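Below, each chain spelled out in residue letters.
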Amino acid sequence: MNAGPATGLSTDQAPPLAIPLSFFFVAPVGLSIAGVFLLSFGALCFSSRFVPQAAILTHLATLGFIGPVMIGALYQMIPVVAGAPLPWIRLAHTVHLALLLGLISLLLALAGAWPAAHSVAALSLGSAFVGFLAPASWALTRRATAKTASVRGMQLAMLALATTIAIGLQMVWARGGGRFVLGDYNDWLIAHVSIGLFGWVGGLITAIAWQVIPVFYLTPHYPKRWPTIGLALIAAGIILPVIAATIGFEVRIAAAPTVLLIGVIKPLTTIALLRKRRRKRVDRSLYFWYAGLAAGPLTAATAALAAFCDDPRFPILMGWLALFGWAGAIVHGMLTRIVPFLIWFHRYAHLVGRQPVPSMRQLLPPRYVGVGLFSHLATTALGVAAILTGNSLLIGLAGAGLIATGLALASELLRPLLHRPAKT
Ligand code: HEM
């Protein structure tokens, strides 16, 4: 059954609505808690990447905002885009609980607040990601009917996630007093960061963009050879840092080609395509894409500065731009398109022709997205100014901005969800 006005995606294999939505709803909570945390610990969070407050804020973003949205989206897209329904789909609810327990205990472990937190974090996060990655990779490798670049990209992004998680679990185990068996801790920390940000987050955004940018915004398709080059560099962004960390070679050099692709070439190519789009009517999710894509080269530039300059602000600035500026804006923008579509499909698609059904804009009026967009971009800019100046008022405003963005995102998810079909 062809569902929804514009996509042409066969969605009859889609999971129950509660599964992607339950993961999406973690994001506004994670964002708001990150805001409260920044307001509470202020300048400490931005003082150095070696203080626990910085690692805590980082994982509130990676495992409390971006990660859950991407996992929820994969539960939706693997059956719909790859035509591969996941086995044991109800396991997703257990994955959700284990992920939340794991995140809370990881934050307590990084804060050094509870001696047992390291092993609880390792066990619960380990179970959560095995519970997700096993059925998801089985579906993507064994059941996928579509052999597109996006499907291959999703497979690589999941390999990057598995690698990031394995290194993270080893690091949290070592911080809890266990043995670090991989080699040099700092080399593997850099591998964890580069594979997590540019392989998992960057790889999935790139793979999805190949599919959704031409479909959502009616742009020309990406240049023919693009996906092949892209897939090769995403794969290199996983393998080379692991080899470099294993043999003690400079991991940042090994990660550089992928940072260049994901942070510079792909964003600039996508911006060029968006400017050639046939659908001239602007919906505000487009501005999220433009903002996120524009933050890509800034992220890559600060990554280079962080690698070669001693200024402690650059690693923090890279993290902030990557998580809230680049990936955060794109993830936020995608939610404002995906959620109204999912609710339209599950609640109204079968009513078409039988009674009036709402449009996407009626499910999520543009003014809601406008508030989310303004708040997200203002907060990102405030954070950049706060990191560069260390000014406590700006840090406070950035914290308040994260809370406001969390609340705006919550309203962007709740508005379509609370919409009910008119009684006939
Ligand atoms: C099972 C999940 C994860 C665990 C257990 C974990 C654990 C850790 C640990 C222990 C550190 C080192 C903190 C230090 O010694 O300074 C760290 C740093 C970091 N992790 Fe993770 N991590 C996980 C997932 C992720 C993911 C998915 C991402 C990215 C998408 C990520 C991004 C980072 C970054 C950017 C840092 C550097 C933070 C800093 O230097 O302050 N982590 N992680």
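Residues numbered from 1 in each chain as written. Predicted model: local features only at pLDDT ≥ 70, side-chain atom pairs only at ≥ 80, totals over all residues. Heavy atoms only, no water.

## Looking at the overall build of the chain
Then, in step 1: Within the chain one finds 15 helices and zero strands.
Then, in step 2: Whereas a compact globule of 424 residues would reach a radius of gyration of roughly 22 Å, the chain reaches 21 Å, a difference of no more than 12%.
Then, in step 3: When the backbone C-alpha atoms are referred to their principal axes, the chain occupies close to 65 × 50 × 45 Å.
Then, in step 4: Per-residue burial for the chain yields a buried fraction of 57% across its 424 residues.
Then, in step 5: For the chain, the computed accessible surface area is about 17200 Å², with 69% contributed by carbon and sulfur atoms. (Helix = DSSP H or I, 4+ residues; strand = E, 2+ residues; numbered from the N terminus. Rg over C-alpha atoms; globule rule 2.2 N^0.38 Å. Buried < 20%, exposed > 50% of the residue type's maximum accessible area, 1.4 Å probe, protein only. Areas by Shrake-Rupley, 256 points an atom, 1.4 Å probe, with all protein chains shown as cover.)

## Notes on the nonpolar core
Then, in step 1: Judged by nonpolar contacts, the single largest core of 144 residues is most densely connected at Phe 24, Phe 46, Phe 132, Trp 200 and Trp 289.
Then, in step 2: When residues in this core are grouped by element, the largest group, 21 residues, is from helix H12 (residues 313–347).
Then, in step 3: Other than its neighbours up to four places away in sequence, Phe 46 contacts Leu 38, Leu 57, Ile 316, Trp 320, Gly 383, Ala 386, Ile 387 and Ile 395.
Then, in step 4: Membership of the second largest hydrophobic core comes to five residues, among which are Phe 288, Ala 329, Leu 364 and Val 369. (Core = buried A, V, L, I, M, F, W, Y, C linked by side-chain atoms within 4.5 Å. Contact = heavy atoms within 4.5 Å.)

## Points about the confidence of the model for the chain
Then, in step 1: Summary statistics for the chain give a mean pLDDT of 93 and a share of 96% for residues scoring 70 or more.
Then, in step 2: Here residues 1–7 scores under 50 on pLDDT; set against residues more than four positions off or in separate chains, the count is 17 contacts. (pLDDT = per-residue confidence, 0-100.)

## What about unusual backbone geometry?
Then, in step 1: Phi angles above zero are rare outside glycine, and Trp 88 is one such case at about 50°.
Then, in step 2: Within the element layout of this structure, Trp 88 appears in the loop between helix H4 (52–81) and helix H5 (91–111).
Then, in step 3: The exposed category is assigned to Trp 88, whose relative accessible area is 60%.

## Structural notes on the coordination of the iron atom of the ligand
Then, in step 1: Protein coordination at the iron atom of the ligand: the donors are His 59 (NE2) and His 192 (NE2), at 2.0 to 2.1 Å from the metal.
Then, in step 2: Geometry at the iron atom of the ligand is octahedral, judged from the six donor atoms that bind it and their angles of 87 to 179° at the metal. Here the residue His 59 occupies a position in helix H4, and His 192 occupies one in helix H8 (residues 185–217), the gap between them amounting to 133 residues. Just as His 59 is buried, His 192 falls in that class too. (Donors = N, O, S within 2.8 Å, 3.2 Å for Na, K, Ca; no water. Tetrahedral: all angles 85-135°; square planar, octahedral: opposite > 155°, others 65-115°.)

## Here we look at the packing of aromatic side chains
Then, in step 1: The final tally for this structure, using the stated rule, is nine aromatic pairs.
Then, in step 2: Between the aromatic rings of Phe 23 and Tyr 75, the centroid separation amounts to 5.4 Å while the plane-to-plane angle is 35°, which identifies the pairing as tilted. With Phe 23 in helix H1 (residues 18–24) and Tyr 75 in helix H4, the pair connects residues that are 52 residues apart, well separated along the chain.
Then, in step 3: Taken together, the aromatic side chains of Phe 23, Tyr 75 and Phe 132 make up a single cluster linked through ring pairs. (Phe/Tyr/Trp six-rings, centres within 6.5 Å; stacked < 30°, edge-to-face > 60°.)

## What about the side chain of Ser 285?
Then, in step 1: Looking at where Ser 285 falls in the secondary structure, it is placed in helix H11 (residues 285–308).
Then, in step 2: On the basis of relative accessible area, Ser 285 is assigned to the buried category, the value being 1%.
Then, in step 3: Ignoring anything within four residues of it in the chain, the contact list for Ser 285 reads Tyr 217, Gly 333, Thr 336, Arg 337 and Val 369.

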